[in-house]
Every structure is written in structure tokens, then in C-alpha cells.
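Okay, here's what each chain looks like letter by letter:
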There are 2 protein chains.
Amino acid sequence: MGGKQTTIKEIASLLNISVSTVSRALHKHPSIGITTQLRVQKLAEELNYEPNQAAIFFQKGKSYTIGLILPELSEAFFSSVVNAVEDMAYKKNYTVLLAQSHDNEDREKQIIQMMKNHRVDGLVVSVAKTTTNFDHFHMLEKYNIPIVFFDRIPPLKNIHSVACNIETGSFEAVNYLLKKGHRCIGLINGPAALTASEERKKGYFNAITKNRLKFDPSLIVSCDLTEKGTQEALTALMENKRNLTAIVTFNDYVALYAIKYARKLNIDLKNDLQFISYSNLPLINYMDHVPIASVEQFPYKQGEKAVEILFDLINNKDSSTPETMYYNKVVVESELVENQSYHTD
Amino acid sequence: MGGKQTTIKEIASLLNISVSTVSRALHKHPSIGITTQLRVQKLAEELNYEPNQAAIFFQKGKSYTIGLILPELSEAFFSSVVNAVEDMAYKKNYTVLLAQSHDNEDREKQIIQMMKNHRVDGLVVSVAKTTTNFDHFHMLEKYNIPIVFFDRIPPLKNIHSVACNIETGSFEAVNYLLKKGHRCIGLINGPAALTASEERKKGYFNAITKNRLKFDPSLIVSCDLTEKGTQEALTALMENKRNLTAIVTFNDYVALYAIKYARKLNIDLKNDLQFISYSNLPLINYMDHVPIASVEQFPYKQGEKAVEILFDLINNKDSSTPETMYYNKVVVESELVENQSYHTD
DNA sequence: TTTTTCAGCACAAACGTTTGCGCTAAATTT
DNA sequence: AAATTTAGCGCAAACGTTTGTGCTGAAAAA
């Protein structure tokens, strides 16, 4: 019982049969008689036999491992994705090799190398903010390691990706506020360069025009997502529009900064100014004043979808000639959810 | 170029030398002439040779992988540990196999099985809250897989562990408040059953008595760590002690609840009541009102230490007869840190 | 009865790497 | 010149498993 693991070999010699028979018996291969199959399984059970995965990985040229590369685990969005990937992998008896790029391009490249050497069967990746060169991803194609990108998707063609459509959620958010009677709604947006900002703007615009209201561009201000920038943006909005009653913010951090600052300015957050944000932080529920609603981006669902696609790719590796290859581009719709904790305040 | 990885074999046949020579040359083995060594290395470089880790793992009976099992990734404390473990592993060219038990004993057991099958070289573990049976950990001993526990340590003898001494931090916290002139300091503690509660209480008691003040037991109240429980605890404290000027809370969640409730009661948090908490949440920095200080538990340092010990164990596996075996029990001292964001409020 | 079929199992190669051992020829010592 | 050492390399086994192919004897078909 002590020390070494029992091998297929030992079982074979104990039973006076060949290794191959044991192997097949354990896999319930039809060409093995039922009696020997049972004898083998019984002994294997008794000896506490566990297949040596390292040997199997080596033999099959597969590792039954998928790599997960993301920028920062501490961001709730990503840790939620980890949960999803882990759960999915778990079901199929895969394991997850995790690594954080910390938004560093060099580290990302090293991680890719490591993943390749470890012969991961596939990768789920959210690229680092700073990454501008994508050769390391191309390199993996040569080794037939499929990749599914999510959330932060590189500007490459012929890739598989899962992302969230922020536009629909933005539309719903503004629409929700309009239905509640708000007529002057601000948007503290992110840097104009980000497509994420663009999507938010589009949703905002669509909601306004669909409701037959006229769009006022001065209600949208950009900020650099810092606390100071947020304060300036809020100030600008407030000064321009005295009748402002609601604000949609780029993300939860911006919402936090804005709410904090609004409180400092002695604004009545119950009656005079309401917020809607995009959900990043679970902790927003512990805040003194929470936004009345959030645009949910379903990180868990995105993670699930990404792994689902990856498994498809892994299992159809052979049939994937460049011609017959199709590329998955899944879009998860964002959705407005009311913050219940707002009402318990 | 296309598809397959180059192997040591191919290099050998291209150079008309044997595989063993190539292997040794790549490892700079002294018994290989310098000229052949260079020839091999040059060709390996050109062919973009990368050793097949799966084969090496198999051959060496090692996976160069360490397993990390923790309850919940979403808790900032643990995600910080992940960072540490990853960084340490990274330096030694190890990879990290991550899994969450979600505080579920069954899942924990399955994960252990999986880790064993994957032949991890060692494990860093924080056990699930609900785990009462520890056989699955004992089982690993038979397979010579070393474990280092951290934070949540099972009540077993002869194990390696890293944990944080909360008592020192608690002492410092109360001492800090005393130096600031506070004379009536409350402690909203956790359930009495937890050793964590006991440690906090001890630190509190020591600080009081070391300062030659008399200890008032009614200043310590237990709570169940829920929002409601916290509110009740705070109410009890406030009613009993009208001159209460500071409170130490069991953790950041309790602090958040208490601060939120205190605000509701229109207590002046700047002048009348100050808080100190134990740091779990980075987000506390975004709050309207933060505690003036936190007891830091250094999760990153704990993670580092745990991996350090693990590597020691992995490398000295052979020499570890039960007799010569020594067990590591590292205690990381907690420490009071002032919240700078408190002053920028 | 003879031929065919097929169930049930064994043989052996293969996956890529490491490593103990043995071999050869040259260099060094007597 | 003969004996000894040694530098430099090749041979082959081993790690545990899977899998294509070949073999044997018995059951089915002729």
C-alpha cells in the first residue's frame, strides 16, 4: 500500500495476462471477454489503480488541460470567468492551467510559450491591454493549439471569440430611466478611442431617439476613468445641465467616484440624482449608496460559451482544414438588472 | 514551419549523431565535446526545438506542476495568494493547477483525486469550511505528494502550514486607538467558536492591560457576521456605552455593515466614532467612509512562504524518512496599517 | 466432416526523453 | 613501446500507456 502507484503492468503479471488486455479491459473494449474484464476491474479496484496521466498525456499527445490566460484575477469579472471555465473543464475531466498577464505583453508572451511547452489542448484568452503585437498567438496556429478569445479581443481576422454586446444593455439602461420619467440623462463615458465607449454611446443614442426625444450631445462626457477625471466630468455635467436627474456611468469604479463626489457636493442621491452603472464589482452591494440598476455582462456565461467553443475545436481538430474552417464569433447580450439592495437602503 | 514539433530524434538524424548525445548536448553535459554541443544547440535553435514537456514529465515522474486548492477565488485574500503562488512557480518554471472547493467537502475530495492523477509535485491548500474528514489529505502522503496548508489549517498533527497571527495586529490596533486618546473602544467580534475570534480578543485584552487600563468585557460583543447581526451588535454597544469613540470590527464586511448602519443613525463618523478593521477587501478604498486603519494579513507573503516550503519539500523528498522529517509551521505576523485614503476623504 | 468465421487474447511498436554503461581512439603515463 | 587513462560519443533500456496486427481455438456455416 505504501509508496508507488500500481501500474497496468503489475495487474497484468498478477493475472497472467498481457498489458494490452488489461488496458482494453479497463476501457471496456468489446474484444475482451466479460469474465476477464471483470477480473481486471476487480483487481484494479483492489490495488487502488489510478492511470498515470503523465503517461497518457505523453502517449496521446494530449494533456487534457486547457490554458486560461487573463489580465487580472482580482477583477471580479475575470474571477467569475475562471469559475465558469473551471466548472466546464471539470465536467469533461479537463484541468485548467491558469496564468495572469498582469496586462504585460512580455509576460503574456512567456505564458504562451509555457502553455505551448506544457502541451495544453487549447487556450481561452483575454489579451493584455498593452499588447500590440500578436505574433505569439499566430505561432500557436502552427502547433494546432486552438484559441478562443473573450472580452478583450485582438484585432485579428479568423479568430474565435466571445464578447458582450454593451449596446443593448446601454439601450435598456437609458430606456429604463426614460420610463421612470427622467428626461435629462447624462452619460459619463470612457475614452472615445475605446470601442466600449462607442457601444455605450450608441445604446444611449438609440434609446433617446427611439423614444422620439432629441439627442443632446452635451449630455455625454468622456473621462479617463480616474477619480479626478470622474469628478471633472460630473462637475461639467452638473454645471451645464441644472435639470440633470440621472447618470449612466462607464463602469462601477466611475460610479463609485461619482457617487462619492456627489455626496460631497451634498446632492440628494435619493431624489435628485440617480445612477446606473455597468457591473464589475460585487461589492457595490455593500456601498452606502448603490446605483439603482446595473448593466450585467454575464462573465460566467461568457466563460462557459468560450470553453464550449474550445471543446468543439479540440475535438474537431482533424477536420479543420483552412477551407472548411468556420470561425465562431459569439456575442452575449448585456442586460439591465435592477439592484435590489438599492431598495433595502 | 508547419504542424509538428521538432524532436530530439530529428536533430540527431540530421547531424548523424545519437539521440543521447543530442540530449546531453542540450543540457551542456560535460562529457560532450564543445564543438558538437554548439552544433546541436545551433540546429535546435534553427529548428525551433522545444522539449516535449509531456515526455519529460512522464520520464522523470514529475509534472513540474503544483496544485493550488482554495475555497473561493472571488475573495480578495485568496486571489492575492494566487498571485503569489503563480509568481513563485513562474520563477522556477513550474505551473499552477488551480481549483476551487467552493467550501464543499465533496468537491475538495474530487479535486484531490484529480490533482493526484495529474501527478502534481505538491499542493498548497486552504481547506473548505465544511470539511470534517481529512482522509483525502492523508491519502496523499502515501503517494509522496507534499502539502502545505495555509490560512485555513486542518486540525492535524505533522503537517506543514502557514498562517497569520491575528493577535499581534489586534494588539496594535487597540494600542493605536489608545495612543490616539480613545478610552472606550468596542470590539465587534465573530462567533466565539472561531479561533480567529479568540485571537482578536486576546490582542484586544493585551493592549488594554499593557496600557494599565481596566478591561471591560461588555465592550466586546459577538456577531454572526451578517448585516443584521452587525446592526444588533452595534446597537448593543452604543446603548451600553454612551462614551464609545472607536470600534474594531472582525472583518471588512462587518466594518462595512457597521459603518453603513452608523451613518443611518446619523453618527458623525469623523468626530464621534472611528473604525479599525481587518483587511479583506481592496474595495474599501472606494468607500465613502473607510476605517482609519486596517490589520493587514499579508496574503501575498503567506502564499510566497507556502510555496517556498513546498519547493523545499519537493526537492528533499528522498531524505524525508518519517524520523528525520521536520514540520514547518510558519506564522506571519499581522500588522496595523493606516488607511491613507482615509485622510484624502 | 471440412471450411469459414469470429471471439478473445497476446505481441510489439510507438510516443520523446533521460541516463547508466560500454565502446573507441587519442592522449598520457610508465 | 607497452600500458593506462580519459575525452567523446553511441547503445539500449526505461518510464506507462495505447493500439494495429497477428495468433489460437472454438463455434458457426458449408
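Residues numbered from 1 in each chain as written. Chains lettered and ligands numbered in written order. Predicted model: local features only at pLDDT ≥ 70, side-chain atom pairs only at ≥ 80, totals over all residues. Heavy atoms only, no water.

Engineer: Tell me about the sheet that holds strand 6 (residues 185-189) of chain A, residues and numbers included.
Structural biologist: Residue and element names in this part refer to chain A. Within the open sheet, the six strands sit side by side as 7-6-8-9-10-12. Their pairing is mixed. Both outer strands of the open sheet, strand 7 (220-222) and strand 12 (335-338), are each paired with one neighbouring strand and no more. Shown here is a sheet whose adjacent strand axes are inclined to one another by a mean of 20°, direction ignored. In the sheet, strand 6 pairs with strand 7 via three bridges, with the strands oriented parallel. Residue pairing across strands places Leu187 opposite Ile220, the latter belonging to strand 7. Those strands touched by helix 11 (residues 252-264) are strand 6, strand 8 (246-249) and strand 9 (274-278), and its axis lies near 155° from that of strand 9. (Pairing = 2+ DSSP bridges. Helix = DSSP H or I, 4+ residues; strand = E, 2+ residues; numbered from the N terminus. Axes fitted to C-alpha atoms, helices over the stretch in contact; angles between N-to-C directions. Contact = heavy atoms within 4.5 Å.)

Engineer: With reference to specific residues and values, describe the interface of chain A and chain B.
Structural biologist: Quite often, the size of an interface is put as the accessible area lost when its parts meet. Counting residues at the interface gives 57 residues for chain A, matched by 57 residues for chain B. For the interface between chain A and chain B, the tally reads four salt bridges. Between B:Arg107 and A:Asp87 there is a salt bridge, with the nearest N and O atoms lying 3.3 Å from each other. Taken together, the connections running from chain A to chain B amount to 10 residue pairs in polar contact (both at pLDDT 80 or more). Within the residue set of the side of chain A that touches chain B, elements represented by two or more residues are helix 4 (53-60), helix 5 (76-91), strand 2 (95-100), helix 6 (105-117) and helix 11 of chain A. With seven residues, the single largest contributor to the side of chain A that touches chain B is helix 6 of chain A. In terms of residue class, the side of chain A that touches chain B is built from 25 nonpolar, 20 polar and 12 charged. (Salt bridge = Lys/Arg side-chain N within 4 Å of Asp/Glu carboxyl O. Polar contact = N/O pair within 3.5 Å; in protein donor to acceptor, adjacent residues only side chain to side chain. Nonpolar A, V, L, I, M, F, W, Y, C, P; charged D, E, K, R; others polar.)

Engineer: Could you give an account of the protein's contact with DNA strand C, with specific residues and numbers?
Structural biologist: Around DNA strand C sit 26 residues in total, of which A:Thr21, A:Gly33, B:Ile8, B:Arg24 and B:Tyr49 are the nearest. For DNA strand C, the fraction of protein-proximal atoms (within 4 Å) that sit in sugar or phosphate groups is 55%. The separation between a phosphate oxygen of DNA strand C and a polar side-chain atom of A:Thr21 is 2.3 Å. Interatomic distance of 3.4 Å between a side-chain N/O atom of B:Lys9 and a phosphate oxygen of DNA strand C. (Near = heavy atom within 4 Å.)

Engineer: Hey, could you go over the protein's contact with DNA strand D for me, with residue numbers and the actual values?
Structural biologist: Close to DNA strand D lie 25 residues, the nearest being A:Ile8, A:Arg24, A:Tyr49, B:Thr21 and B:Gly33. Each atom of DNA strand D within 4 Å of the protein was assigned to sugar, phosphate or base; sugar and phosphate come to 55%. Within the side chain of A:Gln59, one N or O atom sits 3.0 Å away from a sugar or linking oxygen of DNA strand D. One of the backbone N or O atoms of B:Gly33 is found 2.5 Å from a phosphate oxygen in DNA strand D. Of all the secondary structure elements, the ones that give two or more residues to the surface near DNA strand D are helix 1 (8-15), helix 2 (19-26) and helix 4 of chain A together with helix 2 (19-26) and helix 4 (53-60) of chain B.

Engineer: Would you mind going over the packing of aromatic side chains in detail, with residue names and values included?
Structural biologist: The final tally for this structure, using the stated rule, is 19 aromatic pairs over all chains. Measuring from ring centre to ring centre gives 4.9 Å for A:Tyr94 and A:Phe311, while their planes differ by 65°; the resulting arrangement is edge-to-face. Placement of the pair is A:Tyr94 in the loop between helix 5 and strand 2 and A:Phe311 in helix 12 (residues 299-315), with a sequence separation of 217 residues. Here A:Tyr94 and A:Phe311 have matching classes, each one buried. Measuring from centroid to centroid gives 5.1 Å for B:Phe137 and B:Phe149, while their planes differ by 85°, and the two rings are edge-to-face. Separated by 12 residues along the polypeptide, B:Phe137 in helix 7 (residues 135-142) and B:Phe149 in strand 4 (residues 147-150) bring together distant segments of the chain. We note A:Lys92 situated over the ring of A:Phe311; from NZ or CZ to the ring centre the distance is 5.4 Å. Its guanidinium or amino end placed over the ring of A:Phe298, A:Lys301 lies 4.8 Å from that ring's centre, counting from NZ or CZ. (Phe/Tyr/Trp six-rings, centres within 6.5 Å; stacked < 30°, edge-to-face > 60°. Buried < 20%, exposed > 50% of the residue type's maximum accessible area, 1.4 Å probe, protein only. Lys NZ or Arg CZ within 6 Å of the ring centre and 35° of its normal.)

Engineer: I'd like a rundown of the environment of A:Lys202, residues and numbers included.
Structural biologist: For A:Lys202, the position within the fold is in helix 9 (residues 195-210). With 34 residues separating them in the primary sequence, A:Lys202 and A:Thr168 have C-alpha atoms 9.0 Å apart.

Engineer: Lay out the domain arrangement of chain A with the relevant residues and their values.
Structural biologist: Each assigned domain of chain A is listed with its residue range as follows: domain 1 (8-51), domain 2 (63-164 + 299-332) and domain 3 (166-297 + 337-343). The straight-line distance from the C-alpha centre of domain 1 of chain A to that of domain 2 of chain A is 37 Å. (Domains from an automatic or database assignment.)

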